[in-house]
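Notes for the structure review
The primary structure of each chain is shown beneath.
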Amino acid sequence: MLEWLGKGSSRDYFKNQIITRFEEVKSGKTENLISHAKEILDTIAHEKSITIEDKRFEFPDNVEMEVKIKKRVDTIKFELEFEWQNEEKGDEEDE
């Protein structure tokens with residue numbers, strides 16, 4: 001493994017991965033955005049899915065969740081991240 005990492009093969013592996021991003025960006029008052037975030041989480045909890053940019057994502061029973069705060073000199077970023085393995089092997093998104 002260390003030899004593979006040292007050769008740069010790991011960079012090539014990740015460079016060849018297709019990453020498709022679906023995002024929703026909102027600005028506004030903190031209480032309004034937190035209310036919207038609660039609505040999103042309630043939808044996920046009840047329906048085990050979320051739709052972003054007309055694409056529906058199903059949540060499996062077991063996922064990993066990370067809560068992050070990233071601090072830079074001029075900004076602070078709060079992230080709530082859910083991660084799970086993609087069941088759709090071989091399917092590529094049309095962009």
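Details of the structure are given in the entry above.
Residues numbered from 1 in each chain as written. Predicted model: local features only at pLDDT ≥ 70, side-chain atom pairs only at ≥ 80, totals over all residues. Heavy atoms only, no water.

**What about the overall build of the chain?**
Summing up its helical and strand segments, the chain has 3 helices and 4 strands in all. Split into buried and exposed, the 95 residues of the chain put 8% on the buried side. Within the chain, residue pairs in contact and separated by at least 24 positions form 28% of the contacts whose partners lie at least 6 positions apart. Summed over its atoms, the accessible surface of the chain is roughly 9100 Å², and 49% of this surface lies on carbon and sulfur atoms. (Helix = DSSP H or I, 4+ residues; strand = E, 2+ residues; numbered from the N terminus. Buried < 20%, exposed > 50% of the residue type's maximum accessible area, 1.4 Å probe, protein only. Contact = heavy atoms within 4.5 Å. Areas by Shrake-Rupley, 256 points an atom, 1.4 Å probe, with all protein chains shown as cover.)

**Points about the pattern of salt bridges**
Enumeration according to the criterion identifies 8 salt bridges in this entry. The partner of K68 in a salt bridge is E81, with the nearest N and O atoms 3.3 Å apart. Here E81 lies in strand β4 (residues 76–83) and K68 lies in strand β3 (residues 64–71), a separation of 13 residues in the sequence. Relative accessible area serves as the criterion here: at 26%, E81 is assigned to the partly exposed category. A salt bridge links K70 to E79; its shortest N-O distance comes to 3.5 Å. The network of salt bridges with common partners includes E66, K68 and E81. (Salt bridge = Lys/Arg side-chain N within 4 Å of Asp/Glu carboxyl O.)

**Points about the side chain of E79**
With respect to the secondary-structure elements, E79 resides in strand β4. Taking the relative accessible area as the measure of exposure, E79 reaches 16% and is therefore buried. A polar side-chain atom of E79 sits 3.5 Å from a polar atom in the side chain of K70. Among all residues touching E79, those that are not within four sequence positions of it are E66, V67, K68 and K70. (Polar contact = N/O pair within 3.5 Å; in protein donor to acceptor, adjacent residues only side chain to side chain.)

**Quick look at the environment of E81**
Along the sequence, E81 and M65 sit 16 residues apart, while their C-alpha atoms lie 5.5 Å from each other. Residue contacts for E81: discarding those within four places in its chain leaves E64, M65, E66 and K68.

**Comments concerning helix α3 (residues 30–47)**
For an α-helix the count is 3.6 residues per turn, leaving residues at separations of three or four pointing the same way. Compared with an ideal rise of 1.5 Å per residue, which puts 18 residues at 26 Å, α3 spans 26 Å between its outermost C-alpha atoms and is within 8% of the ideal. In the segment just after α3, K48 is the residue with positive phi, at about 55°. (Expected span 1.5 Å × (residues − 1).)

**A few points about the environment of I76**
Note on placement: I76 falls in strand β4. Residues within four places of I76 in sequence aside, it is in contact with I69, K70 and K71.

**What about the pairing of strand β1 (residues 49–52)?**
Relative to strand β2 (residues 55–58), β1 runs antiparallel, the two being bridged by 4 bridges. Within β2, the residue paired with I50 across the bridge is F57. Following β1, the chain reverses through 2 residues before pairing antiparallel with β2; E53 in that reversal takes a positive phi of roughly 50°. (Pairing = 2+ DSSP bridges.)

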